[in-house]
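Examining the three-dimensional arrangement
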Amino acid sequence: MKEKFKAFTEKHARLWEFVKFVFTACSTTVLYYIIFWIGQATLVEPLKGVKVDSAILAFLGYDANLGLAISYLSASFLSYVASYIMNRKVTFKSNSNIALSTILFALMVVVTTAFTSWFGTFATEWCAAKGGFWASGFMSSLVIPTVAMLIPFVWTFPFQKYVIYRNKKEPEAQEAEAKEAVEEADIAQASEVAGEAEAVAEQTSEATDAAAQEPTQAEAGEAVEAQVTDAQ
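My aim in this report is to walk through the structure given alongside it, one point at a time. (Residues numbered from 1 in each chain as written. Predicted model: local features only at pLDDT ≥ 70, side-chain atom pairs only at ≥ 80, totals over all residues. Heavy atoms only, no water.)

Working definition: an aromatic ring pair is given by the centre-to-centre distance plus the angle between the planes. By the definition in use, this model includes 19 aromatic pairs. With a centroid separation of 6.2 Å and 50° between ring planes, the pair formed by Phe21 and Phe92 is classed as tilted. One end of the pair, Phe21, is in helix α2 (residues 13-44); the other, Phe92, is in the loop between α4 (66-91) and α5 (98-130), with 71 residues separating them in the sequence. On the basis of relative accessibility, which here comes to 6%, the residue Phe92 falls in the buried class. Centre to centre, the rings of Trp126 and Trp134 are 5.6 Å apart; their planes meet at 80°, and the pair counts as edge-to-face. Since its relative accessible area comes to 42%, Trp126 is described here as partly exposed. Of the residues examined, Trp134 reaches a relative accessible area of 39% and is grouped as partly exposed. Each residue in the set Phe18, Phe21, Tyr80, Tyr84, Phe92, Phe105, Phe153, Phe157 and Tyr165 is aromatic and connected to the rest through ring pairs, giving one cluster. (Phe/Tyr/Trp six-rings, centres within 6.5 Å; stacked < 30°, edge-to-face > 60°. Helix = DSSP H or I, 4+ residues; strand = E, 2+ residues; numbered from the N terminus. Buried < 20%, exposed > 50% of the residue type's maximum accessible area, 1.4 Å probe, protein only.)

Set out below in structure tokens:
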């Protein structure tokens, strides 16, 4: 069973990579909510009335209470750290530059967070304006946050796979590629030389055949003498 599973994952490597990516996303989302709920239960009430003066947290909707802000920031930070480590070590098994990949990951997080916050606010206000079922807690608490988390998959997976966690080529792989390129060049050159030799041989053969078909000077003289003798 283990060998069959390994063979399947090797045959469908990209699919298996995406499955691991989704699993990581789900796991870190659960981690986020656990930490956020713990923060809400322990910090929001004691810090009630302490407002945070931050344009960024105001944009994200977490400036009303210091406890809420701490809960959000700690949950986000720890879940993103877990996501970075799991995707680097498990999902993509990357050997990319850590400093560069960390900076790129942070930039992606900023863009994604800004989008999900904007979309959540926009969708919630739109549903509230529609009224009825659209304005229900089911939509605002479950459907909209879920959709807001799913949309970024469109860019987060390819960006992480092909940019953030793009593997560096090992020296052995580079050497093998160079050797293969040299061998291919040698084969192409040998094929070209062989083709030229074949063309020369063919031309020589045609010239030989043509020469064999033409009568020599001696044979022409003998033919003339024979004709003179017959005429006499």
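Further remarks concern α2. Along its 32 residues, α2 runs 45 Å from first to last C-alpha, staying within 8% of the 46 Å computed at 1.5 Å per residue. Turning to α2, its buried residues are Glu17, Lys20, Phe21, Thr24, Ala25, Thr28, Tyr32, Ile35, Phe36 and Gly39. (Expected span 1.5 Å × (residues − 1).)

This paragraph deals with the nonpolar core. Generally speaking, nonpolar side chains in soluble globular proteins are found buried as a group. Ranked by size, the top nonpolar core spans eleven residues in total: Tyr32, Ile35, Phe36, Val52, Leu57, Leu60, Tyr62, Leu68, Ala69, Tyr72 and Ala75. Listing elements by their share of this core, those giving two or more residues are α2, α3 (55-60) and α4. For this core, the element with the most residues is α4, which contributes four residues. Those residues in contact with Leu68 that sit more than four places away from it in its chain are Phe36, Gln40, Val44, Gly61 and Tyr62. (Core = buried A, V, L, I, M, F, W, Y, C linked by side-chain atoms within 4.5 Å. Contact = heavy atoms within 4.5 Å.)

With their axes 12 Å apart at the nearest point, α2 and helix α7 (residues 153-164) run at an angle of 120° to one another. You can see that α2 and α7 cross each other, and the crossing is right-handed. Contact residues: Glu17, Phe18, Phe21, Val22 and Ala25 in α2; Phe153, Thr156, Phe157, Gln160 and Lys161 in α7. Within the contact of α2 with α7, the residues separate by chemical class into six nonpolar, two polar and two charged. (Axes fitted to C-alpha atoms, helices over the stretch in contact; angles between N-to-C directions. Left-handed = near helix turned anticlockwise from the far one by under 90°. Nonpolar A, V, L, I, M, F, W, Y, C, P; charged D, E, K, R; others polar.)

Along the polypeptide, Thr112 turns up in helix α5. Setting aside chain neighbours within four positions, we find Thr112 in contact with Pro152, Trp155 and Thr156.

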